[in-house]
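Okay, here's what each chain looks like letter by letter:
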Amino acid sequence: MSATQDSEGHARALTKRVLWKLDIHVLPPLALLWLANFIDRTNIGNARIAGLERDTHLHGTEFNTALAIFYVSYILVELPSNWVLKKFKPSRWLPFLVAVWGTVTTLSGLVQNYSGLLAIRFFLGFCEGGLLPGIMLYLSTLYQRHELQQRVGIFYASASLSGAFGGLLATAIIKMEGIGGLSGWRWIFILEGIATVLFALISMLILPADVGSAKFFTEEEREFALRRLRLSHGVTMSAPLSEPSQRITGAEVEAEKGTDVKVEERVEETSVVDQQDEKFEWREVMRGVKDPQVWMTAVAYMGIIVSLYSFSLFLPTIVAGLGYSGGAAQLHTVPPYVPAVVLTVVVAVASDRLRWRGPFILIFLPITMAGYILAIVAKTNAQRYVAVFLIASGIYPCGPCILSILPNNSAGHYKKATTVALQLALANCGGFVATFSYDSSQAPTYIRGHTITLAFVALAWLAMFCNVMYCMWENRARADGRRQSNIAQYQELWDAGKTRAPIGDRHPDFRFTL
């Protein structure tokens, strides 16, 4: 066996060890945090059918308004949270957010009236808004571009499980009705809030701040992990040397060629701006705001969110409308999540292997559309229940796909921080639509709600088709040499002292993931 083969074999073994250690130390805590997030966000739907509206004297659309106000503060906090994530360390900032909202959730169990519910939901949004964009940015600093979606799929699948788990948990907790003089729905908030705080404390003890400071790596593993990340970032981290006369030269992006196991250092006439060293610049923020992919994927994700949020918030009510009540209604919310979990993980793995994101969304959204069409034309409760399975199976696998697009296609820490958070902030406007699409006056058919959501899902498909076409067009332009001027434009900004950020995704050798 040659020395080269020995070296490649050792690199493969190191890659497996590094990824395994990252996976077991990062994914379980993040899954706990996301599980807590989704349960805390959807427990109000379970509390509703357990007597929340009756005890807080809600009328008309007041419940929907309480759901909607959550998204006001949720949207406002997403961008600032991502900008400060690096400064406060994700291993501390993310668990801190979760601990605070767990406390707020516990206080939800003490709400007595409509105004109190509005206040608690508003503050809950402030606490929760930074979690998802923070998780996506955090994962993109630990894994290579096309290792990302498998990991997102794993923690996102926990959200699907939480829909089932939340229903089962609510069924058990409601039986505490009367204990301590409190209604069962109050115990849902109190106990799930306390569990959330515990999840946050556990995560804070386990999560590493970054690859370089991870204590579970040996020195060899740490050096290798850092080097493979730098190689995967390739030309995106390059910047001119300090002298204005020194121009950027080309560099190879080994990871893009599928040779991420080869660790070779090349001497290039450029400096490297590591993501840990990059300083905040408003110019990078504006680069993120102006990126066409942000707006196309935001529209697509908004359509997905209208379906996803309305599904999770109102599934208990829809199932109750099918003729089930109490514990039976809670238990019948569980089965639709089972195929959703399986498909979410399967699609995530396939997506990384094929390096596809948008195409899988284009494949699965029609399944959701078929579910809503069936729900609209259904004549029996059995048909409506089948429709719920189709909706869940089509919409949940799309989540990790669309969340992975911008971390894959944005380079430069603060540009990426902006694109990821802005996409989510814009998309979460769909939460307002979701909360008013369904109300009790539509029971048991909810035809108006299903029709509105179907239209948004169709819009999502169209927006994602446009994004896939844009990425293909841009990649072709770069391959044909029509984006070489990006280097000269960046050099001018550097020479003028207007930026000290790396060239990022502007480099003509960078390729977008579809």
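Reading the values: rules and limits
- Residues numbered from 1 in each chain as written.
- Predicted model: local features only at pLDDT ≥ 70, side-chain atom pairs only at ≥ 80, totals over all residues.
- Heavy atoms only, no water.
- Helix = DSSP H or I, 4+ residues; strand = E, 2+ residues; numbered from the N terminus.
- Buried < 20%, exposed > 50% of the residue type's maximum accessible area, 1.4 Å probe, protein only.
- Areas by Shrake-Rupley, 256 points an atom, 1.4 Å probe, with all protein chains shown as cover.
- Phe/Tyr/Trp six-rings, centres within 6.5 Å; stacked < 30°, edge-to-face > 60°.
- Lys NZ or Arg CZ within 6 Å of the ring centre and 35° of its normal.
- Salt bridge = Lys/Arg side-chain N within 4 Å of Asp/Glu carboxyl O.
- Expected span 1.5 Å × (residues − 1).
- Polar contact = N/O pair within 3.5 Å; in protein donor to acceptor, adjacent residues only side chain to side chain.
- Contact = heavy atoms within 4.5 Å.
- Disulfide = S-S within 2.5 Å.
- Core = buried A, V, L, I, M, F, W, Y, C linked by side-chain atoms within 4.5 Å.
- Axes fitted to C-alpha atoms, helices over the stretch in contact; angles between N-to-C directions.
- Parallel < 35°, antiparallel > 145°, perpendicular 65-115°, else oblique.
- Left-handed = near helix turned anticlockwise from the far one by under 90°.
- Arc of directions from axis to C-beta.
- Patch = residues over 30% accessible without salt bridge, like charges linked within 9 Å, V, L, I, M, F, W, Y side chains within 5 Å.
- pLDDT = per-residue confidence, 0-100.
- Nonpolar A, V, L, I, M, F, W, Y, C, P; charged D, E, K, R; others polar.

Caption draft 1: Spatial organisation of the overall build of the chain. When its secondary structure is counted, the chain shows 19 helices and 2 strands. Counting over 514 residues, the chain shows a buried share of 59%. Entry remark: accessible area of the chain is about 19,500 Å², with carbon and sulfur atoms responsible for 66%.

Caption draft 2: Looking closely at the packing of aromatic side chains. This structure, assessed with the given rule, holds 21 aromatic pairs. An angle of 80° between the planes, with centres 6.0 Å apart, marks the rings of Phe-122 and Phe-123 as edge-to-face. Judged by its relative accessible area of 25%, Phe-122 is partly exposed. Measuring from centroid to centroid gives 5.7 Å for Trp-461 and Phe-465, while their planes differ by 5°, and the two rings are stacked. Within this pair, Trp-461 and its partner Phe-465 are both found in helix α18 (residues 447–479), separated by 4 residues, close to a single helical turn. Owing to a relative accessible area of 34%, Phe-465 belongs among the partly exposed residues under this scheme. These aromatic residues form a ring-pair network of at least three members: Phe-70, Tyr-71, Tyr-74 and Phe-432. The positively charged end of Arg-483 is found above the aromatic ring belonging to Trp-473, 5.3 Å away from the centroid.

Caption draft 3: The arrangement of the pattern of salt bridges in detail. Evaluation of the coordinates by the stated rule reveals 17 salt bridges. Note that Arg-222 and Glu-219 form a salt bridge whose closest N and O atoms lie 2.8 Å from each other. Taken as a pair, Arg-222 and Glu-219 lie in helix α8 (residues 219–233) at a separation of 3 residues, close to a single helical turn. Overall, Glu-219 belongs to the exposed group, its relative accessible area being 52%. One salt bridge connects Asp-480 with Arg-482, and the closest N-O pair in it is separated by 3.4 Å. With relative accessibility at 43%, the residue Arg-482 sits in the partly exposed group.

Caption draft 4: Expanded view of helix α3 (residues 90–108). In a regular helix each residue adds 1.5 Å, so 19 residues correspond to 27 Å; α3 covers 27 Å between its end C-alpha atoms and thus fits that length. The element α3 is extensively covered by neighbouring structure, given that 14 of its 19 residues are classed as buried.

Caption draft 5: Highlighting the side chain of Ser-410. Along the polypeptide, Ser-410 turns up in the loop between α15 (398–409) and α16 (413–427). In this structure the side chain of Ser-410 is engaged in a polar contact, spanning 3.0 Å, whose partner is the side chain of Thr-419. Among residues more than four places away in sequence, those in contact with Ser-410 are Asp-291, Lys-415, Lys-416, Thr-419 and Asp-505.

Caption draft 6: Region of interest: the state of the cysteines. Applying the stated criterion across every chain yields a total of 0 disulfides. Left unpaired, Cys-398 is separated from the closest cysteine sulfur, that of Cys-401, by 6.3 Å. Of the residues examined, Cys-398 reaches a relative accessible area of 1% and is grouped as buried.

Caption draft 7: Focus on the nonpolar core. One finds Leu-139, Tyr-301 and Tyr-396 to be the most contacted residues of the largest nonpolar core, which totals 116 residues. Core analysis: the second largest hydrophobic core is formed by 5 residues, Ala-170, Trp-187, Ile-188 and Ile-190 among them.

Caption draft 8: Representation of the packing of helix α13 (residues 358–377) against helix α14 (residues 381–395) within the structure. Packing of α13 against α14 leaves a shortest axis separation of 7 Å and a crossing angle of 160°. In terms of their interaxial angle, α13 and α14 are classed as roughly antiparallel. Relative to α14, α13 is oriented so that their crossing is left-handed. When α13 is examined against α14, the residues Phe-364, Leu-365, Ile-367, Thr-368, Ala-370, Gly-371, Tyr-372, Leu-374 and Ala-375 are found in contact with a partner set consisting of Gln-383, Val-386, Ala-387, Leu-390, Ile-391, Ser-393, Gly-394 and Ile-395.

Caption draft 9: Just helix α9 (residues 282–290), in detail. Within α9 the residues assigned to the buried category are Glu-284, Val-285, Arg-287 and Gly-288. The buried residues of α9 occupy an angular sector of 155° when projected down its axis, which confines them to one face. Opposite the buried face of α9, at more than 90 degrees from it, the exposed residues are Trp-282 and Lys-290.

Caption draft 10: Structural detail: the side chain of Thr-453. If you trace the backbone, Thr-453 turns up in helix α18. On the accessibility criterion, Thr-453 (0% relative accessible area) is buried. Not counting chain neighbours up to four residues away, the residues in contact with Thr-453 comprise Val-306, Ser-307, Ser-310, Tyr-372, Ser-437 and Tyr-438.

Caption draft 11: How the structure looks around a nonpolar patch on the surface. A cluster of nonpolar side chains, namely Val-72, Leu-76, Phe-123 and Phe-126, defines an oily patch on the protein surface of about 370 Å² accessible area. Of all the elements in the fold, those that place two or more residues in the nonpolar patch are α2 (62–88) and α4 (114–128).

Caption draft 12: Here's a closer look at the environment of Glu-278. Checked against the element boundaries, Glu-278 lands in the loop between β2 (271–272) and α9. Through-space distance from the C-alpha of Glu-278 to that of Arg-500 is 7.8 Å; in sequence the pair is 222 residues apart. Within the structure, the side chain of Glu-278 is placed 2.7 Å from the backbone nitrogen of His-413, a separation counted as a polar contact.

Caption draft 13: Local environment of unusual backbone geometry. Even without glycine at this site, His-57 takes up a positive phi of about 60°. Considering the arrangement of structural elements, one finds His-57 in the loop between α1 (3–55) and α2. Owing to a relative accessible area of 53%, His-57 belongs among the exposed residues under this scheme.

Caption draft 14: Structural view of the environment of Gly-184. Tracing the chain through its elements places Gly-184 in helix α7 (residues 184–206). Residue class for Gly-184 comes out buried when judged on its relative accessible area of 0%. Between the C-alpha atoms of Gly-184 and Thr-171, which are 13 residues apart in sequence, the distance is 9.5 Å. The contacts of Gly-184, once residues within four sequence positions are left out, are Ile-173, Ile-174 and Glu-177.

Caption draft 15: Summary view of the confidence of the model for the chain. The predicted model of the chain averages 85 in pLDDT, with 87% of residues at 70 or higher. Low pLDDT, under 50, characterises residues 249–268; the stretch is placed with 40 contacts to residues that sit more than four places away or in other chains.

Caption draft 16: Just the packing of α2 against helix α5 (residues 131–140), in detail. Orientation of α2 relative to α5, taken along the N-to-C sense of each, is 35°, at an axis distance of 9 Å. Once α2 is placed against α5, the crossing between them reads as right-handed. Residues Glu-78, Asn-82 and Leu-85 of α2 lie in contact with α5, whose contacting residues are Pro-133, Gly-134, Leu-137 and Tyr-138. Tallied by class, residues from the contact of α2 with α5 come to 4 nonpolar, 2 polar and 1 charged.

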